[in-house]
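# Architecture at a glance
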Amino acid sequence: MIPEAPATVAGADQRKQDYRNAMARLGAAVNVVTSDGPAGLAGFAATAVCSVTDDPPTLLVCINRGSSAYPAVNANRVLCVNTLSHAHEDLSRRFGGKTPVQERFEGASWSVLETGAPALDDALISLDCKVKSVSDGGTHDILICEVVAIKENEGGQALIYFDRRYHTI
């Protein structure tokens, strides 16, 4: 067996860019994940959200440890995953950028379900969750979240992020 040559810095950078390009071709629903509690209000845009199991209802949510939302989400241990419709592209951009936290929530109507995390009133679906466990995912934490309340709105087309652009289905 021939040992692999150690990766060069340029090779590692290229592999990282190749991976990012590949993930850009993996379409995903656009979500705004919110939290509120003793550590304060927070929210971020996310596509790294998926179902784990329905018994008990559980989601996986990934959050970058370097994000401005991380300290509050990590301390509050509650969150609400709000799946966006085609009408929410501007909202997604606010939550995905460097917009101050209070400004992210302006211009939309919010309520709360069980945990106190903000639920977007006109989201396609809002999944209110308690964080049950956290795993190390490199630059991100992988949150395993038990869904404690669900609010669904009829109609609307989903907002999808694919190939570094928004799309509607």
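Thresholds, definitions, all that
Residues numbered from 1 in each chain as written. Predicted model: local features only at pLDDT ≥ 70, side-chain atom pairs only at ≥ 80, totals over all residues. Heavy atoms only, no water. Phe/Tyr/Trp six-rings, centres within 6.5 Å; stacked < 30°, edge-to-face > 60°. Helix = DSSP H or I, 4+ residues; strand = E, 2+ residues; numbered from the N terminus. Buried < 20%, exposed > 50% of the residue type's maximum accessible area, 1.4 Å probe, protein only. Pairing = 2+ DSSP bridges.

### Let's talk about the packing of aromatic side chains
Counted according to the given criterion, the structure contains 4 aromatic pairs. Judged by centre distance (5.0 Å) and plane angle (80 degrees), the rings of Phe 95 and Phe 105 are edge-to-face. Of this pair, Phe 95 sits in helix H3 (residues 89–96) while Phe 105 is found in helix H4 (residues 101–105), placing the two residues 10 residues apart along the sequence. In terms of burial, Phe 95 and Phe 105 fall into one category: buried. Between Phe 95 and Trp 110, the ring centres sit 6.0 Å apart and the planes meet at 55 degrees, which makes this aromatic pair tilted.

### A word on the sheet that holds strand E1 (residues 28–29)
Taking strand neighbours across the sheet as the criterion, the 3 strands line up as E1-E11-E12 in an open arrangement whose pairing is antiparallel. Edge positions in the sheet fall to E1 and strand E12 (165–168), since each of these pairs with one other strand and no more. The sheet contact formed by E1 and strand E11 (residues 159–162) spans 2 bridges and is antiparallel. Bridge pairing in E11 links Ala 28 to Tyr 161.

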